[in-house]
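Summary of structural features
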Amino acid sequence: MRITVLRTGGFGGLSRRATLETTDRPDAEELARLADQAVREGLAAAPMGVPDGFHYEVSIETGTSSATAHFADPKLTEAQSALVRKVLKEGA
Amino acid sequence: MNAHRAHSPQTRPVFCTIVPPHLLDQLSRHSDDVFSLPARRTLERDATQRTRRQIATVRHGLLAAAPATPDVDPADRKPQRTISDAEGKEQLPGKTVREEGEEPVQDASVNRAYAGLGATFELYLSVYDRYSIDGAGLPLDATVHYGEKYGNAFWDGERMVFGDGDGEVFRDFTLPVDVIGHELTHGVTQYSANLEYLGQSGALNESVSDVFGSLIKQHSLGQSAQEADWLIGSGLFTDQVEGEALRSMKAPGTAYDDDVLGKDPQPATMEDYVNTGADNGGVHINSGIPNHAFYKLAVDLGGNAWERAGQIWYDTLTGGSLQPDTDFAAFAAATTEAAKSRYGDGSDEHEAVRKCWSEVGVTAD
C-alpha cells in the first residue's frame with residue numbers, strides 16, 4: 001500500500017507532502033489498518049478548518065483500489081493523528 | 001475537551017476517489033514546488049469552489065458585528081489570562097499552569113505566551129479602547145507545548161494553541177510576539193467582521209492578523225513605521241533555514257528563499273495575485289497584497305503605525321460595514337470610508353489610504 005499525506009495551510013501556509021510505501025515493512029499490516037481507519041474517519045472534501053490550522057489530505061493506493069480523505073486540525077482522530085505523524089516523519 | 005474523537009456520525013467513509021485523479025496526479029508531481037504553478041490554477045480553482053460549497057453547509061451563525069459595550073469601570077479593565085500545557089499531546093486545553101496574576105513559572109514558553117497575551121490585550125485597550133478580543137472582557141486562554149514537535153500555532157475559535165516547532169524548520173511558536181498578536185487578532189476578527197476564512201476574505205482575515213500582530217510588536221518595542229522590520233515570524237526559523245521570517249509586509253515575496261521550503265510565494269500587488277485551491281484559496285499567500293497596502297500607508301503617514309494607519313484599519317474591522325465575504329476591492333473602499341469618517345474628506349489620511357490601495361493595484365469598489 002502507498003500512503004500519501006499532503007499537509008497544507010498552517011501559520012506559514014507551507015505545503016508538505018510525504019509518501020510511505022508499506023510493502024516490505026514489518027509494520028505494513030498495522031500501517032494499512034491505521035490508514036484505512038484514518039480515511040474512513042475523514043471527510044470527502046476539505047473542511048474549512050480553523051485559522052492557521054493545518055489541513056491534511058490522505059490518499060491510499062493498493063494494486064486495485066484507491067481512496068482519499070480530508071481532515072483538519074485540531075479535530076483529528078487518534079488514527080489520523082498517528083498516521084500523519086508517521087508518514088510525515090518516515091515517508092519520502 | 002478532547003481534540004481526538006472517536007469515529008463520529010458526521011464523518012463519512014470515502015472509498016472512491018473524490019479529487020479527480022488528474023488533479024492528484026498533478027499535485028503529486030509538483031508537490032515540492034511553490035504554490036503558484038500555472039498548470040494547477042484551473043484545477044485548484046475547482047477545488048476552491050468545492051470547498052466553498054462544503055463550507056456553506058457547515059458555517060455557524062454570524063456573531064454580532066459590533067462589540068458589546070461592557071459595563072466595567074475603565075480602571076478595572078484587566079486581562080484574565082490562563083495558560084495551559086498540552087504536554088506534547090494533541091488534547092485541549094491541557095493542564096492549567098499559570099493563571100492571571102501568578103508569578104512566572106520555570107517554563108519560558110508559558111511565560112512568553114502569558115506576556116504576549118498581555119501585550120496584545122494592552123494594545124487593544126490602550127490604543128483602540130477595546131476591552132479584550134470581544135470588546136467585553138473575554139478571558140484570554142492559550143495552550144503551549146501542543147503536539148509532538150508540532151511546527152504551528154493556530155486559533156481554534158476559543159483559544160490560541162502553540163506547538164514547540166519541529167526543530168528542523170521551526171522553533172517554538174511562542175517566541176515572536178507578533179505570532180501571539182496574530183493569533184489573538186483572529187479572535188478579534190471572529191468577534192467583529194467575521195471575515196470568512198477562504199479566498200480574498202480569508203486573505204483579508206490573515207492580513208488583519210499580520211497587521212495587528214506587527215503593530216503589537218512595534219508598540220511593545222516603541223518603534224515607528226520607519227524603524228519597524230515589518231516581518232511576521234522573525235526568529236521562528238531555525239538556523240538551517242535560509243530566511244529571516246515567514247512573511248514580509250514591507251517586501252512580500254522576499255522573506256525566505258530556501259532549498260527545502262522554496263521561495264516566499266507572497267505577491268505584493270494584484271498583478272501577481274495567486275489563484276490556488278490549497279491553503280483555503282491561498283489565504284497566507286494573497287494576504288501579501290493588503291499587507292503591503294497597509295505598510296505603504298503606515299510609512300506614508302509616518303510616525304507610529306498603530307496610531308493613524310492602525311486606527312483606520314481598526315475602525316474598518318469593527319465598524320460593521322464589512323460583510324463576511326468582503327473582497328479586496330470592498331475592503332479598500334471600507335478603509336477609504338473609515339479614513340474619511342475619522343479624519344475628514346480630503347484629509348491627508350483619506351488621500352493616503354486611496355493611494356496605498358492604488359499602489360498595490362486594488363481598485364476600491
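Parameters and conventions
- Residues numbered from 1 in each chain as written.
- Chains lettered and ligands numbered in written order.
- Predicted model: local features only at pLDDT ≥ 70, side-chain atom pairs only at ≥ 80, totals over all residues.
- Helix = DSSP H or I, 4+ residues; strand = E, 2+ residues; numbered from the N terminus.
- Rg over C-alpha atoms; globule rule 2.2 N^0.38 Å.
- Buried ≥ 20, exposed ≤ 12 C-beta atoms within 10 Å, placed from the backbone.
- Contact = placed C-beta atoms within 7 Å.
- Expected span 1.5 Å × (residues − 1).
- Arc of directions from axis to C-beta.
- Pairing = 2+ DSSP bridges.
- Axes fitted to C-alpha atoms, helices over the stretch in contact; angles between N-to-C directions.
- Domains from an automatic or database assignment.
- Nonpolar A, V, L, I, M, F, W, Y, C, P; charged D, E, K, R; others polar.
- Parallel < 35°, antiparallel > 145°, perpendicular 65-115°, else oblique.
- Left-handed = near helix turned anticlockwise from the far one by under 90°.
- Core = buried A, V, L, I, M, F, W, Y, C linked by C-beta atoms within 7 Å.

So, about the overall build of chain A. A tally of regular secondary structure across chain A gives two helices and four strands. Its helices and strands in sequence order give chain A the pattern β-β-α-β-β-α, from N to C terminus. The C-alpha atoms of chain A give 12 Å as radius of gyration, which agrees with the globular expectation for 92 residues (12 Å, within 12%). Projected onto its principal axes, the C-alpha positions of chain A cover 40 × 25 × 20 Å. Here chain A holds 92 residues, and the buried ones make up 55% of them. For chain A, the proportion of contacts with a sequence separation of at least 24, taken over those separated by at least 6, is 59%.

All names here are of chain B. The terminal C-alpha atoms of helix 10 (residues 348-359), which comprises twelve residues, lie 16 Å apart, in line with the 16 Å expected from a rise of 1.5 Å per residue. Buried within helix 10 are the following residues: Glu349, His350, Ala352, Val353, Cys356 and Trp357. Along the axis of helix 10, the buried residues cluster in a sector spanning 165 degrees; they form a single face. Here the buried face of helix 10 lies against helix 7 (288-301), helix 8 (308-318) and helix 9 (328-343). Glycine 361 sits one or two residues past helix 10 and shows a positive phi near 80 degrees.

Our next topic: the sheet that holds strand 2 (residues 95-99) of chain B. Within a sheet, neighbouring strands are paired by backbone hydrogen bonds and run either parallel or antiparallel to one another. Residues and elements named next belong to chain B. Taken together, the five strands give an open sheet; going across it, the order is 2-1-3-5-4, and neighbouring strands pair in mixed fashion. Each having just a single partner strand, strand 2 and strand 4 (153-155) make up the two edges of the open sheet. For this sheet, the mean inter-axis angle between neighbouring strands, taken without regard to orientation, is 20 degrees. Relative to strand 5 (residues 160-162), strand 3 (residues 140-144) runs parallel, the two sharing two bridges. Counted as the bridge partner of threonine 143 is valine 161 from strand 5. Against the sheet, helix 4 (residues 177-190) touches strand 4 and strand 5, its axis set at about 20 degrees to strand 4.

Quick look at the domain arrangement of chain B now. All names here are of chain B. Each domain of chain B was delimited in the assignment, giving domain 1 (77-175) and domain 2 (199-359). Between the C-alpha centres of domain 1 and domain 2 there is a distance of 23 Å. Of the residues lining the interface, twelve residues belong to domain 1; the matching set on domain 2 comes to 14 residues. Considered class by class, the residues forming the side of domain 1 that touches domain 2 number eight nonpolar, two polar and two charged.

The linkage connecting aspartate 73 of chain A with the following residue, proline 74 of chain A, adopts the cis geometry, with an omega of 0 degrees. Examined against the element boundaries, proline 74 of chain A turns out to sit in the loop between strand 4 (66-72) and helix 2 (78-90). Despite not being glycine, serine 132 of chain B shows a phi value in the positive range, around 70 degrees. Looking at the secondary structure, you find serine 132 of chain B in the loop between helix 3 (108-128) and strand 3.

All right, on to the packing of helix 1 (residues 28-40) of chain A against helix 2 of chain A then. Residue and element names in this part refer to chain A. At their nearest, the axes of helix 1 and helix 2 sit 8 Å apart, and the two run at 125 degrees to each other. When the axis of helix 1 is compared with that of helix 2, the two are oblique. The way helix 1 lies across helix 2 gives a crossing that is left-handed. Facing Leu34, Ala35, Gln37 and Ala38 of helix 1, the residues of helix 2 in contact are Ala79, Gln80, Ala82 and Leu83. Taken together, the residues of the contact of helix 1 with helix 2 sort by class into six nonpolar, two polar and no charged.

Moving on, we get to the nonpolar core. With 90 residues, the main nonpolar core has Ala113, Phe162, Phe294 and Leu297 of chain B as its most contacted residues. Taken domain by domain, this core gets at least three of its residues from each of domain 1 (77-175) and domain 2 (199-359) of chain B. Setting aside residues up to four positions removed in sequence, phenylalanine 294 of chain B forms contacts with Val211, Met249, Ala309 and Trp313 of chain B. Ranked by size, the runner-up nonpolar core spans 22 residues in total, among them Ile3, Leu20, Ala35 and Val87 of chain A.

Quick look at the sheet that holds strand 4 of chain A now. All names here are of chain A. Pairing is antiparallel in the open sheet, where four strands are placed in the order 2-1-3-4. The strands lining the two open edges of the sheet, one partner per strand, are strand 2 (16-21) and strand 4. Taking each pair of neighbouring strands and ignoring which way they run, the sheet shows an average axis angle of 15 degrees. Together, strand 1 (2-9), strand 3 (54-61) and strand 4 form the strand contacts of helix 1, whose direction differs from that of strand 3 by roughly 125 degrees.

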